[in-house]
Amino acid sequence: HGRDLGDFPDLAALKTRHREDLQARKEAAAVASARQAVLDKILLANPVALPEILVEEEIRHRLEDMVREMMFHGMDPRGMELDWKQLRDRQEEPARKIAHARLVLDSIAAAERIEVDRSEVRERIQKEAARIGEDYEALHARLSKGGGVQALETQLVREKSLDLVTSLANIQIAE
């Protein structure tokens, strides 16, 4: 019995799949960078007075994620010589950008009446469950407990808003 190639009958099939994966990743990266470029332009064109509380909240979330990441990798931030002020200051710029983006995307969503339906939320949870190898029901239950389903809906609405302005931007570029 030869080497086990998982679900692939032969090496050629495995190589084809690998090539397709790479292509899909390249396309996803291109879409993401187009979205980011459009978002950057929108933010420049729409300066807003950011409520400091939004910025502070985002900074806190980013620091919490960092600590969680460290602990996940077996490091204990408490026992490390960390310059929290410097870490916090480093998060400020990206946090401002995110808070700004959320406000702008939320106002686009409101103006264009962008909504997501249950099936879109279910589909995203299914994708995420498959990605992390968790049962859909279990993940849904966990998200429901922490207000995660609501947060996911908000995120999907923002993504749709960004997709809308990105497609409009691409139309203008193409003309």
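Residues numbered from 1 in each chain as written. Predicted model: local features only at pLDDT ≥ 70, side-chain atom pairs only at ≥ 80, totals over all residues. Heavy atoms only, no water.

Caption draft 1: Region of the structure containing the overall build of the protein. When its secondary structure is counted, the protein shows six helices and zero strands. Sequence-ordered secondary structure for the protein, helices as α and strands as β, is α-α-α-α-α-α. Relative to the 2.2 N^0.38 estimate, which gives 16 Å for 175 residues, the radius of gyration of the protein is 20 Å and therefore markedly larger than a compact globule would have. Overall size of the protein, expressed as C-alpha extent along the three principal axes, is 65 × 55 × 30 Å. Burial statistics for the protein: of 175 residues in total, 22% are counted as buried. (Helix = DSSP H or I, 4+ residues; strand = E, 2+ residues; numbered from the N terminus. Rg over C-alpha atoms; globule rule 2.2 N^0.38 Å. Buried < 20%, exposed > 50% of the residue type's maximum accessible area, 1.4 Å probe, protein only.)

Caption draft 2: Spatial organisation of helix H2 (residues 52–72). Its 21 residues give H2 an end-to-end C-alpha distance of 30 Å, which sits within 8% of 30 Å, the value for a rise of 1.5 Å per residue. Those residues of H2 that fall on the buried side of the exposure criterion are Val55, Glu58, Ile59, Leu63 and Met70. The buried side chains of H2 occupy one side of the element, clustering within an arc of 135° when seen end-on. When the buried face of H2 is taken as reference, the exposed residues oriented beyond 90 degrees from it are Ile53, Arg68 and Phe72. Here the buried face of H2 lies against helix H3 (84–111). Backbone geometry just downstream of H2 places Gly74 in the positive-phi region, at approximately 80°. (Expected span 1.5 Å × (residues − 1). Arc of directions from axis to C-beta. Contact = heavy atoms within 4.5 Å.)

Caption draft 3: Structural detail: the packing of H2 against H3. It is at 7 Å that the axes of H2 and H3 come closest, and there the two elements cross at 125°. Of the possible angle classes, the one that applies to H2 and H3 is oblique. Where H2 crosses over H3, the handedness of that crossing is right-handed. Residues Glu52, Leu54, Val55, Glu56, Glu58, Ile59, Arg62, Leu63, Met66 and Val67 of H2 touch H3, and the partners they reach there are Trp84, Leu87, Arg88, Gln91, Glu92, Pro94, Ala95, Arg96, Ile98, Ala99, Arg102 and Leu103. Partitioned by chemical class, the residues of the contact of H2 with H3 number 13 nonpolar, one polar and eight charged. (Axes fitted to C-alpha atoms, helices over the stretch in contact; angles between N-to-C directions. Parallel < 35°, antiparallel > 145°, perpendicular 65-115°, else oblique. Left-handed = near helix turned anticlockwise from the far one by under 90°. Nonpolar A, V, L, I, M, F, W, Y, C, P; charged D, E, K, R; others polar.)

Caption draft 4: Just the packing of helix H1 (residues 11–45) against H3, in detail. The N-to-C vectors of H1 and H3 enclose an angle of 85°; their axes lie 10 Å apart at closest approach. Comparing the axis directions of H1 and H3 gives the class roughly perpendicular. For the pair H1 and H3, the contacting residues are Gln36, Leu39, Asp40, Ile42 and Leu43 in the first and Lys97, His100, Ala101, Val104 and Leu105 in the second. In terms of residue class, the contact of H1 with H3 is built from six nonpolar, two polar and two charged.

Caption draft 5: The pattern of salt bridges, seen in detail. The final tally for this structure, using the stated rule, is 18 salt bridges. Arg96 is the partner of Glu52 in a salt bridge, and the nearest nitrogen-oxygen pair spans 3.1 Å. Of this pair, Glu52 sits in helix H2 while Arg96 is found in helix H3, placing the two residues 44 residues apart along the sequence. Between Arg88 and Asp89 there is a salt bridge; the shortest N-O distance is 3.7 Å. Its relative accessible area of 36% is what places Asp89 among the partly exposed residues. In the salt-bridge network here, residues are joined through shared partners; they are Glu52, Glu56, Lys85, Arg88, Asp89, Glu92 and Arg96. (Salt bridge = Lys/Arg side-chain N within 4 Å of Asp/Glu carboxyl O.)

Caption draft 6: How the structure looks around unusual backbone geometry. We note that Arg113 has phi near 50°; this positive angle belongs to a residue other than glycine. The residue Arg113 is located in the loop between H3 and helix H4 (118–132) in this model. A relative accessible area of 71% places Arg113 in the exposed class.

Caption draft 7: A look at the environment of Ile125. For Ile125, the position within the fold is in helix H4. Accessibility expressed as a relative area gives 1% for Ile125, which makes it buried. Each C-alpha atom, one on Ile125 and one on Leu152, is 8.7 Å from the other, the two residues being 27 residues apart in sequence. Those residues within four positions of Ile125 in sequence are excluded, and the remaining contacts are Tyr136, Leu139, His140, Leu143, Val149 and Leu152.

Geometric values such as these leave the question of function open.
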